[in-house]
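# Report on the structure
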Amino acid sequence: MSKYILQILRASLTTVFSWGFHSPRATQEGLMFKVRGFIHQGWVHVKYNEGPDLFDVDLLLP
């Protein structure tokens, strides 16, 4: 699942790089990465939610 999420993010590299995206890590639920953006600086955890077929995004502090 982490490879699939990373593939989706790579579709818009300009946006991803504007977040200061770095240090991606695969997790059991999805993908975790660090950002250094204007609004949020810290970890982002993207998890696949199978029921509604959507992604959950958690913003975590450093």
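Residues numbered from 1 in each chain as written. Predicted model: local features only at pLDDT ≥ 70, side-chain atom pairs only at ≥ 80, totals over all residues. Heavy atoms only, no water.

## A short note on the environment of Y4
Looking at where Y4 falls in the secondary structure, it is placed in helix α1 (residues 2-10). Owing to a relative accessible area of 46%, Y4 belongs among the partly exposed residues under this scheme. Along the chain, Y4 and P52 lie 48 residues apart, while their C-alpha atoms are 17 Å from each other. (Helix = DSSP H or I, 4+ residues; strand = E, 2+ residues; numbered from the N terminus. Buried < 20%, exposed > 50% of the residue type's maximum accessible area, 1.4 Å probe, protein only.)

## Looking at the side chain of S2
Among the structural elements, S2 can be located in helix α1. If near-sequence neighbours (up to four positions away) are discounted, S2 is found in contact with A26, G30 and L31. (Contact = heavy atoms within 4.5 Å.)

## So, a nonpolar patch on the surface
Where nonpolar side chains cluster on the molecular surface, the patch consists of M1, Y4, I8 and F55 and spans about 380 Å² of accessible area. Assessed through its relative accessible area of 41%, I8 is described here as partly exposed. (Patch = residues over 30% accessible without salt bridge, like charges linked within 9 Å, V, L, I, M, F, W, Y side chains within 5 Å. Areas by Shrake-Rupley, 256 points an atom, 1.4 Å probe, with all protein chains shown as cover. Salt bridge = Lys/Arg side-chain N within 4 Å of Asp/Glu carboxyl O.)

## Notes on the sheet that holds strand β2 (residues 30-36)
On the basis of which strands lie adjacent, the open sheet formed by four strands has the order β1-β2-β3-β4 and antiparallel pairing. Each end of this open sheet is capped by a strand with a single partner; those strands are β1 (22-26) and β4 (54-60). Across the sheet, the mean angle separating the axes of adjacent strands is 20° when strand polarity is ignored. (Pairing = 2+ DSSP bridges. Axes fitted to C-alpha atoms, helices over the stretch in contact; angles between N-to-C directions.)

## Side note on the pattern of salt bridges
Tallied over the full model, the rule gives one salt bridge. When the shortest N-O distance is used, the salt bridge between D58 and K47 registers 2.6 Å. Here the residue D58 occupies a position in strand β4, and K47 occupies one in strand β3 (residues 41-49), the gap between them amounting to 11 residues.

## Observations concerning the nonpolar core
Of all hydrophobic cores here, the largest spans 10 residues; its members are I5, L6, L9, V16, F21, L31, F33, V35, V44 and V46. When contributions to this core are tallied by element, the ones reaching two or more residues are α1, β2 and β3. Once residues lying within four places of it in the same chain are set aside, the contact partners of I5 are G30, L31, V46 and F55. (Core = buried A, V, L, I, M, F, W, Y, C linked by side-chain atoms within 4.5 Å.)

## Examining the pairing of β3
The pairing of β2 with β3 spans seven bridges and is classified as antiparallel. Within β3, the residue paired with K34 across the bridge is W43. In terms of strand pairing, β3 meets β4 through seven bridges, oriented antiparallel. Paired with V44 across the two strands is L59, which belongs to β4.

By themselves, these figures tell us nothing about what the structure is for.
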